[in-house]
Amino acid sequence: MSNNTMTILVLYLLSACTSGNQPPPVTQVPSEAVPHPGRTVSFAGISAPVTDAERRAVRASASVTVNGKPYPIAYHPILHTGDAFGDEVFGQLKNHLNQPLSGDDGSRLICDGTSSKGSGPDHSTILEKDGSLFLVSQMECQVGGFYVADLEQADDGALTPTGLRSVDFTEHFGGYVHCAGMRTPWGSHLSSEEYEPDARKLKPDGSVDGYYDANGRYWGETATGSAIAKGHPYYHGYVPELWITDANGTVASTKHYAMGRVAHELAYVMPDCKTVYLSDDGTNTGLYLFVADATDAPCAAGAPDALSTGTLYAAQWQQKSADNGGAADLAWISLGHATDAEVKAAIDARPAFTDLFEVAPPSESKRCPEGFTSVNTSAGHECLNVKPGQETVASRLETRRYAAMLGATTEFRKEEGITWDPDRNRLYVAMSRIEYGMENLQKRGTPSEKYDAGGPNHVQLPFNPCGGVYALDHAPGKRDIDDQPIASDWVMGSMSGLLVGQPKTYPEGSEHAGNTCDVDGLAEPDNLTYLPGTDVLVIGEDTNGHINDTVWAYDLGSKVLTRILTTPYGSETTSPFWYPNINGHGYLMTVVQHPYGESDRDKATGPDDTRSIVGYIGPFPALD
């Protein structure tokens, strides 16, 4: 997308959702494609919300200027959680029999972020098949789920749902905490499963912890021990893929076990259609690279097995600077080759953690006995040894632990979205918070060994709760840490801070009091999308550092950060994703997730306030 296109999209969104006003009528957007002169897209910015009315509204840019020509844009909802189409209700969670689940009070169990069951709908993908449009939406709840909506596109580009159905995921033991995603180059919906349950904590009754155990509802109306035991933690923490097979919207699906099991925020497929970068959300996590086995024409094939077999790598951060979020060379450590089928067969045997690893307690001085490797991951400091013959299974079922044992970095914190910039040959990765393992023997600026004890302490940065976006530079021909070739031309060789947030204290009585990050800068960046040919990087937030989460347009040339969307109290802006041309119109998808959900629940005036919104900024002129 060009810079002008991005600007148009944001402005239109802002005008439609300004506090207290009805969206303006949609203006016809020319369907002709706009050329790519570069740096020609700019958005009309919006102010930081300061009044109660502004903080309750979805506010967006009213216009965007493309190649010097202004276009109106707005934020257009497509679906709200609770919307009904016949017997289907958007966001309704279902069990293994595809029957609706009920809450403890007997009400519908909707994935809307208003309880501990999850956050609400997250990434939504527009797919095209045989001339028809569909929207695939995934639910970020412990009992996961997917919905497919039929879309009607008007001449002016407006998108309207005309039908809805849920996806039966029973063959994959159900879904689990589906977070970010993307539309693949071959036109499928690539999903994620976040916060994989710790199998080392598995108890004889099948339970792990309160977070995972809520998934027991999938196997029974309530999360009882007997229901929980029907599942297994090793069935969750992978990359699902869904695709539309015909013009009726029939769905096929799979899970890519060969990509490893971590807290997948996002799997991002590169332009070669076989190289995939994998971010790992949480505390003391890693960064991964998957290279699928070569096929004759992976982009054109669109086959469900394009990502089913390959080699997995984990990054090692080799720090060069601690300034501006830090800078490092990246070394890549091979975790070996695997296929979806062989990993799935290993899971079906329902192994225990101790079938894969020997475990020993560390000493008081944080040392491990001879024969054991000391690691510090999301599970804390551990002394581990892989049992003979279990290396491949351990690399995929306990990817983070196994990677740490081989020397990879597992110190990243809240590693989130990924996007590719073809204009600079750069990958961008969001890090919501620079803290814990990313600090140097500290916890939020205070001395602490917890997150570095027993580990290599690769990352040594100043505490920054506002986080930042990192740029990863392309290094064609780069080999792995053992000097073996990597079968991809899309390997990144370095990583450095591009744009970091700035902590700030506003005095009591200030209109910005309560914000803890500069309101004119980033606060805990989450997901990203880039508009090719425009210099515009779109950055969404998931933050407590701003009272209202924001979507930004960052011009990489001028280094200007423009606020293009703000969302109500307690909500998150999830998974912005750019579509440059769908039948002559461009769209910037984003979700307003769990309004009044994670915080400020007492400010909601009624149930309608808390409904999540799947929608888009636009329509834009086409920007191929």
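Structure report, in brief. Here, residues in each chain are numbered from 1, in the same order as that chain's written sequence. Per-residue local features of the predicted model are confined to residues with pLDDT of at least 70, and side-chain atom pairs are confined, for both listing and counting, to 80 or more; whole-chain, interface and lining totals are unaffected and use all residues. Only hydrogens and water are set aside; all other atoms, that is, all heavy atoms of the structure, feed into the side-chain values.

On to the packing of aromatic side chains, then. Under the pairing criterion, centres of Phe, Tyr and Trp rings, with the six-membered ring standing for Trp, must be within 6.5 Å; the plane angle then separates stacked pairs below 30 degrees from edge-to-face pairs above 60, leaving the rest tilted. Under the criterion given, the structure shown has 19 aromatic pairs. Taken together, a centroid distance of 5.8 Å and an interplanar angle of 70 degrees make the contact between Phe-90 and Tyr-147 edge-to-face. You can see Phe-90 sitting in the loop between β7 (88-89) and β8 (118-129) and its partner Tyr-147 sitting in strand β10 (residues 145-153), a full 57 residues away along the chain. An identical accessibility class is assigned to Phe-90 and Tyr-147; each is buried. Taking 4.9 Å as the distance between ring centres and 90 degrees as the angle between the ring planes, the aromatic pair formed by Tyr-218 and Trp-219 counts as edge-to-face. Using a 1.4 Å probe on the protein chains alone, a residue whose accessible area is under 20% of its type maximum counts as buried, one over 50% counts as exposed, and one in between counts as partly exposed. Accessibility expressed as a relative area gives 5% for Tyr-218, which makes it buried. The structure contains a cluster of three or more aromatic residues connected by ring pairs, namely Phe-173, Tyr-218, Trp-219 and Tyr-235. For a lysine, the NZ atom is tested; for an arginine, the CZ atom; a charge sits over a ring if that atom is within 6 Å of the ring centre and within 35 degrees of the ring normal. Taking the ring centre of Tyr-569 as reference, the NZ or CZ of Lys-603 above it sits at 5.1 Å. A run of H or I in DSSP counts as a helix once it spans at least four residues, and a run of E counts as a strand once it spans at least two, with each numbered from the N terminus.

Mapped onto the fold, Thr-410 is located in the loop between α9 (399-405) and β25 (412-413). Note on contacts: a residue pair is in contact if any heavy atoms of the two residues lie within 4.5 Å. With sequence-adjacent residues up to four places away left out, Thr-410 is seen in contact with Asn-284, Thr-285, Gly-286, Asn-376, Thr-377, Arg-400 and Ala-404.

Before going further, it helps to examine the sheet that holds strand β1 (residues 41-43). With antiparallel pairing, 3 strands are arranged side by side in an open sheet as β1-β3-β4. In the strand order of this sheet, the two ends are held by β1 and β4 (69-72), each with one partner. Averaged over all neighbouring strand pairs, the angle between strand axes comes to 25 degrees, with direction disregarded. By the convention used here, strands pair only if DSSP detects at least 2 bridges between them. Relative to β4, strand β3 (residues 63-66) is paired through 4 bridges, and the arrangement is antiparallel. Across the sheet, residue Val-66 finds its bridge partner in β4, namely Lys-69. Fitted lines through C-alpha atoms serve as axes, helices being fitted only where they are in contact, and the angles separating the N-to-C directions of these axes extend from 0 to 180 degrees.

The subject of this paragraph is empty space enclosed by the protein. In the cavity and pocket records, a cavity denotes points on a 1 Å grid over the protein atoms alone where a 1.4 Å probe fits but cannot get out, a pocket denotes an open set with protein on both sides within 12 Å along at least 5 of 7 lines, and lining residues are residues with an atom within 4 Å of a point. Grid points are joined across faces, edges and corners, and a volume is the space filled by probe spheres set on the points. Under the counting rule described, the total for this entry stands at 2 cavities of 30 Å³ or more. Empty space within the largest cavity amounts to approximately 140 Å³. Looking at the largest cavity, it is lined by 18 residues, and the ones nearest its centre are Lys-94, Asn-98, Gly-144, Gly-145 and Val-167. With 3 residues, β10 is the largest single contributor of residues to the lining of the largest cavity. For the lining of the largest cavity, the per-class residue count stands at 6 nonpolar, 10 polar and 2 charged. Looking at the second largest cavity, its volume works out to about 90 Å³. If you trace the second largest cavity, you find it lined by Ala-48, Pro-49, Arg-55, His-512, Asn-515, Val-519, His-546, Ile-547, Asn-548, Thr-550, Arg-563 and Thr-566. Three categories are distinguished: nonpolar for Ala, Val, Leu, Ile, Met, Phe, Trp, Tyr, Cys and Pro, charged for Asp, Glu, Lys and Arg, and polar for the others, with Gly belonging to the last. Broken down by class, the residue content of the lining of the second largest cavity amounts to 4 nonpolar, 6 polar and 2 charged.

Looking now at helix α6 (residues 340-348). Turning to α6, its buried residues number three or more, namely Asp-340, Val-343, Ala-346 and Ile-347. Buried residues of α6, viewed axially, fall in a sector of 130 degrees; they line one side. Buried-residue contacts for α6 involve β15 (251-256), β21 (327-339) and α8 (391-397). Once α6 finishes, Arg-350 follows within two positions and takes phi at roughly 50 degrees, a positive value. Summarising the geometry, the arc corresponds to the directions from the helix axis toward the C-beta atoms.

With that settled, consider the pairing of strand β37 (residues 585-593). Burial analysis of β37 places 9 of its 9 residues in the buried class, the great majority of the element. Going residue by residue along β37, you find His-585, Tyr-587, Met-589, Val-591 and Gln-593 tucked away on one face and Gly-586, Leu-588, Thr-590 and Val-592 tucked away on the opposite face as well. Where strand β36 (residues 572-582) lies against β37, 7 bridges are found, and the strand directions are antiparallel. Bridged to Trp-578 within β37 is Leu-588. Taken together, β36 and the strand that follows it, β37, pair antiparallel across an intervening segment of 2 residues, in which Asn-583 is found at a positive phi of about 55 degrees. Both β37 and strand β38 (residues 613-621) contribute to a ladder of 7 bridges, which runs antiparallel. Looking across to β38, one finds that His-585 is bridged to Pro-621.

On to the state of the cysteines, then. Note on terminology: pairs of cysteine sulfur atoms within 2.5 Å are recorded as disulfides. All told, the structure shown has 3 disulfides when counted by the stated rule. A sulfur-sulfur distance of 2.0 Å marks the disulfide that ties Cys-111 to Cys-141. One disulfide, between Cys-111 and Cys-141, carries an S-S torsion of 100 degrees and so falls in the right-handed class. With Cys-111 in the loop between β7 and β8 and Cys-141 in strand β9 (residues 132-141), this pair connects stretches of sequence that are 30 residues apart. As far as burial versus exposure is concerned, Cys-111 and Cys-141 are alike and both buried. Bridging Cys-368 to Cys-383, the disulfide has an S-S length of 2.0 Å. Taking the torsion about the S-S bond as the criterion, the Cys-368 to Cys-383 disulfide, at about -80 degrees, is left-handed. You can see Cys-368 sitting in the loop between β22 (357-360) and β23 (373-377) and its partner Cys-383 sitting in strand β24 (residues 380-386), a full 15 residues away along the chain. Accessibility expressed as a relative area gives 21% for Cys-368, which makes it partly exposed.

This part covers the pairing of β15. Pairing geometry for strand β14 (residues 239-244) and β15, over 6 bridges, is antiparallel. By the bridge assignment, Trp-243 is partnered in β15 with Ala-252. In sequence, β14 turns back onto β15 through a hairpin of 6 residues, with Gly-249 there showing a positive phi of about 85 degrees.

What follows concerns the pattern of salt bridges. Salt-bridge detection follows one rule: a side-chain nitrogen of Lys or Arg within 4 Å of a carboxyl oxygen of Asp or Glu. For the structure on display, the rule yields 28 salt bridges. A salt bridge links Asp-198 to Arg-401, with the shortest nitrogen-to-oxygen separation between them at 3.1 Å. Here the residue Asp-198 occupies a position in the loop between β13 (189-190) and α3 (210-213), and Arg-401 occupies one in helix α9, the gap between them amounting to 203 residues. Across the pair, Arg-401 and Asp-198 agree in class, each one buried. With its nearest N and O atoms 2.8 Å apart, the salt bridge here joins Arg-400 to Asp-280. With Arg-400 in helix α9 and Asp-280 in strand β17 (residues 275-280), the pair connects residues that are 120 residues apart, well separated along the chain. Like Asp-280, Arg-400 is buried.

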